[in-house]
Amino acid sequence: MLATLLLWHWLWAGLREAAAMVWMTWWPLVLGFTLSGVVQSFLPRDGLRAQLGTTTPRTVATSSILGVISSSCSYAASAMARALYARGASWPNSIIFMVASTNLVIELGIVLYLMLGWQFLAAQFVGGALMIIALAATTSIVFSARKEQALRTKVMEDAPPPSQGEHISWHERVRDPRNYRRAARYTLGDITMLRKELLAGFLIAGYLAVDVPASWWSHIFLSGHGWITSVENAIIAPLLAVVSFVCSVGNIPLAAALWSRGVSFGGVIAFIFADLVTLPLLLIYRRFYGTKMALRLFALLWFVMSLGGLIVDVIFSSAHLIPSDRRPPALQGDFPLGATLVLNLVALAVVIGLFVLARARGAVDSGTAIDPICGMNVDITAPVAVRERHGETFYFCSHRCAERFDRGESPSADSPMSDEGDAVDPVCGMTVNTADAFSATVAGETYYFCAEGCRTRFLENQRAAMREDPMGDAVDPVCGMTVNTADAFSATVAGETYYFCAEGCRTRFLENQDLSPGQQRIQLQRKPRHE
């Protein structure tokens, strides 16, 4: 009984601490992601991408700006960096983009300010600039010209062809309602991509802050040894990030827990920088570039992250800017009301509004597409991966999503092609949500589609079928053709009979049903009436 009570007390203490951090950071997270979505939607990026072929001070600055106005998701950043390199950007500029995309973005700065204070916010941007300078100076040393050429050959093997983007002015962007829907989709897409990292970060940080004694950390991080402490903490902190499995904004709560447990200022900053070397990302680098190149990339990132944290520690210590309070407000376990309550309610209303705006129907947005697996908004001028299926083009934020699509895994609930949908696209056979799918009504019956292309193809087939056989009395659920039940191929599923124009459509239909191979063979043994 006592053991059970102690277990529940332990679980409750960690959850309460995590919930308090979520309460304190909810409105800053929403604000940051919303601003990031607006920046991604309204600022043109295709012109910037065309300037990254050589490594000069100007292109380094351009790569950094492109990173700042991109998604903060570490997985998306790593995939986008690879795509940029395949399209002609220099290798140093590609890595600089990846670092800026995860360390110099708006939402991270807002959460960092609220959880740890303005000193950490300033140190993050100072250290980020130092890392970019270090990468520009050392990447070509770690990766020789021969190795860079080998890398480019490897990444270009399955790189999608570049798409032509829209070249429109700022004023036209502001007046175009599609950009507001696009901003909402970018915002929700980023939140969707990072929700697991954020949840894991808050939970781990909650338990670390409450249940791990300060003495335990002394076995990992030195303290009280002057400059040796600063050097050791800055070197070890990124290695802790490797095994934390938490990246992007999600590692800020962990950084706050480390600060509260006595880790040095520079060590905490190095840990925040290290969201690009978590174990899942290292495995992605291995798949992208090969084992040897991935190890070189890890060594390079580890070096510049530790160096950045150490130099920041020296600068802020010399300027007496390192905060003395080791227990920031977000780790007090409190749920302040007043302004925090009001701002959190406003943030909740904003999220609801963004959801409604993102789902609103309007002119087709030719500049972005929804990743059918994770639901993230993808810029089609620079997708990481592209797939063709039944005449439709699908764009992906990462190769991981594209591979899941190839394996036929279930799409995200945020995708219009979610398995949680309540209708089947009669053209491609995908499950769609009728609430936000494309639709068409024929002969009093409404059909739903995953994309405008499927809808157009269905209607064209309908018109062709009516010209060929205006007396048909059923619709082929695969190709949309009108057929005569008297002589059509047929199959019965769950007590309902379907009619088809050809054996191929019937086979394809049965393959899309939740039938075992044996059940499919039984269905295929049914003879059409004209046989």
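Small disclaimer: the values here were computed from a predicted structure and weren't measured. (Residues numbered from 1 in each chain as written. Predicted model: local features only at pLDDT ≥ 70, side-chain atom pairs only at ≥ 80, totals over all residues. Heavy atoms only, no water.)

## Comments concerning the overall build of the chain
Okay, step 1: When helices and strands are counted, the chain shows 21 helices and 12 strands.
Okay, step 2: A burial count over the chain gives 52% of its 531 residues as buried.
Okay, step 3: For the chain, long-range pairs separated by at least 24 residues make up 67% of all intrachain contacts whose partners lie at least 6 apart in sequence.
Okay, step 4: Here the chain displays about 23800 Å² of accessible surface, and carbon together with sulfur accounts for 63% of that area. (Helix = DSSP H or I, 4+ residues; strand = E, 2+ residues; numbered from the N terminus. Buried < 20%, exposed > 50% of the residue type's maximum accessible area, 1.4 Å probe, protein only. Contact = heavy atoms within 4.5 Å. Areas by Shrake-Rupley, 256 points an atom, 1.4 Å probe, with all protein chains shown as cover.)

## Observations regarding the pairing of strand β11 (residues 489-493)
Okay, step 1: Along β11, five of the five residues are buried, which leaves the element largely enclosed by surrounding structure.
Okay, step 2: Residues F489, A491 and V493 line one face of β11 and the alternating positions S490 and T492 line the opposite face, and both faces are buried.
Okay, step 3: Of the strand pairs in this sheet, β11 and strand β12 (residues 496-500) are connected by five bridges, and their pairing is antiparallel. Counterpart to S490 in the pairing with β12 is Y499.
Okay, step 4: In textbook terms, the turn of a hairpin is the stretch between consecutive antiparallel strands, and for β11 and β12 this stretch comprises two residues, one of which, A494, has a positive phi near 55°. (Pairing = 2+ DSSP bridges.)

## Things to note about the packing of helix α3 (residues 57-68) against helix α5 (residues 91-103)
Okay, step 1: Running from N to C, α3 and α5 cross one another at 35°; their axes reach a closest spacing of 7 Å. You can see that α3 and α5 cross each other, and the crossing is right-handed. Each of T59, V60, S63, S64, L66, G67 and V68 in α3 lies in contact with α5, whose residues at this interface are N93, I96, F97, A100 and S101.
Okay, step 2: Each residue belonging to the contact of α3 with α5 can be placed in one class, and the counts come to six nonpolar, six polar and no charged. (Axes fitted to C-alpha atoms, helices over the stretch in contact; angles between N-to-C directions. Left-handed = near helix turned anticlockwise from the far one by under 90°. Nonpolar A, V, L, I, M, F, W, Y, C, P; charged D, E, K, R; others polar.)

## Observations regarding the environment of G266
Okay, step 1: Relative to the assigned elements, G266 resides in helix α14 (residues 265-273).
Okay, step 2: Remark: the alpha-carbon pair of G266 and A234, spanning 32 residues in sequence, is separated by 5.7 Å.

## Details of α5
Okay, step 1: With 13 residues, α5 should reach 18 Å at 1.5 Å per residue; the first-to-last C-alpha distance of 19 Å fits that figure.
Okay, step 2: Within α5, 13 of the 13 residues are buried, which leaves the element mostly enclosed by the surrounding structure. (Expected span 1.5 Å × (residues − 1).)

## Description of unusual backbone geometry
Okay, step 1: Here the phi dihedral of H320 falls at roughly 55°; this positive angle occurs in a residue that is not glycine.
Okay, step 2: Judged by its relative accessible area of 73%, H320 is exposed.

## Details of the nonpolar core
Okay, step 1: Counting residues in hydrophobic clusters, the biggest one holds 78 residues, and the most contacted among them are I95, Y285, Y289 and L301.
Okay, step 2: Setting aside anything within four residues of it in sequence, one finds L301 in contact with I95, M98, V99, L276, V277 and Y285.
Okay, step 3: In this structure, V427, A440, C450 and L459 belong to the second largest nonpolar core, which totals 12 residues. (Core = buried A, V, L, I, M, F, W, Y, C linked by side-chain atoms within 4.5 Å.)

## As for the packing of aromatic side chains
Okay, step 1: For the structure shown, the criterion picks out eight aromatic pairs.
Okay, step 2: Their ring planes at 75° and their centres at 5.1 Å tell us that F120 and W259 sit as a pair that is edge-to-face. One end of the pair, F120, is in helix α7 (residues 118-142); the other, W259, is in helix α13 (residues 251-260), and 139 residues separate them in sequence. By the burial criterion, F120 is buried, and W259 matches it.
Okay, step 3: Members of the aromatic cluster, each reached through a chain of ring pairs, are Y85, W91, F143 and Y289. (Phe/Tyr/Trp six-rings, centres within 6.5 Å; stacked < 30°, edge-to-face > 60°.)

## Some remarks on the side chain of S63
Okay, step 1: Looking at the secondary structure, you find S63 in helix α3.
Okay, step 2: When its relative accessible area of 0% is taken as the criterion, S63 is described as buried.

## Details of the packing of α5 against helix α16 (residues 291-318)
Okay, step 1: For the pair α5 and α16, interaxial distance at closest approach is 13 Å and the crossing angle is 60°. Between α5 and α16, the interaxial angle falls into the category oblique. In this structure, the crossing between α5 and α16 has a hand that is right-handed. Of the residues in α16, those touching α5 at W91, I95, M98 and V99 are L297, L300 and L301.
Okay, step 2: Partitioning the contact of α5 with α16 into residue classes produces seven nonpolar, no polar and no charged. (Parallel < 35°, antiparallel > 145°, perpendicular 65-115°, else oblique.)

## Things to note about a nonpolar patch on the surface
Okay, step 1: On the surface, a cluster of nonpolar side chains totalling about 560 Å² of accessible area is made up of L341, L345, L348, I352, F355 and V356.
Okay, step 2: Summarising the element assignment, V356 is placed in helix α17 (residues 339-359).
Okay, step 3: The exposure class of V356 is exposed, given its relative accessible area of 55%. (Patch = residues over 30% accessible without salt bridge, like charges linked within 9 Å, V, L, I, M, F, W, Y side chains within 5 Å. Salt bridge = Lys/Arg side-chain N within 4 Å of Asp/Glu carboxyl O.)

## So, the confidence of the model for the chain
Okay, step 1: When pLDDT is averaged along the chain, the result is 75; 70% of the residues meet or exceed 70.
Okay, step 2: For the chain, helix α21 (residues 517-524) is the element with the lowest average pLDDT, namely 43, and α16 is the one with the highest, namely 93.
Okay, step 3: Across residues 413-420, confidence stays below pLDDT 50; counting only partners more than four residues off in sequence or on other chains, it has 34 contacts.
Okay, step 4: A low-confidence stretch, residues 515-531 stays under pLDDT 50, and its non-local contacts, those more than four residues away or across chains, total 33 contacts. (pLDDT = per-residue confidence, 0-100.)

## Brief notes about α3
Okay, step 1: An ideal rise of 1.5 Å per residue puts 16 Å on 12 residues; α3 measures up with 17 Å between its terminal C-alpha atoms.
Okay, step 2: Listed in full, the buried residues belonging to α3 are T59, V60, T62, S63, S64, L66 and G67.

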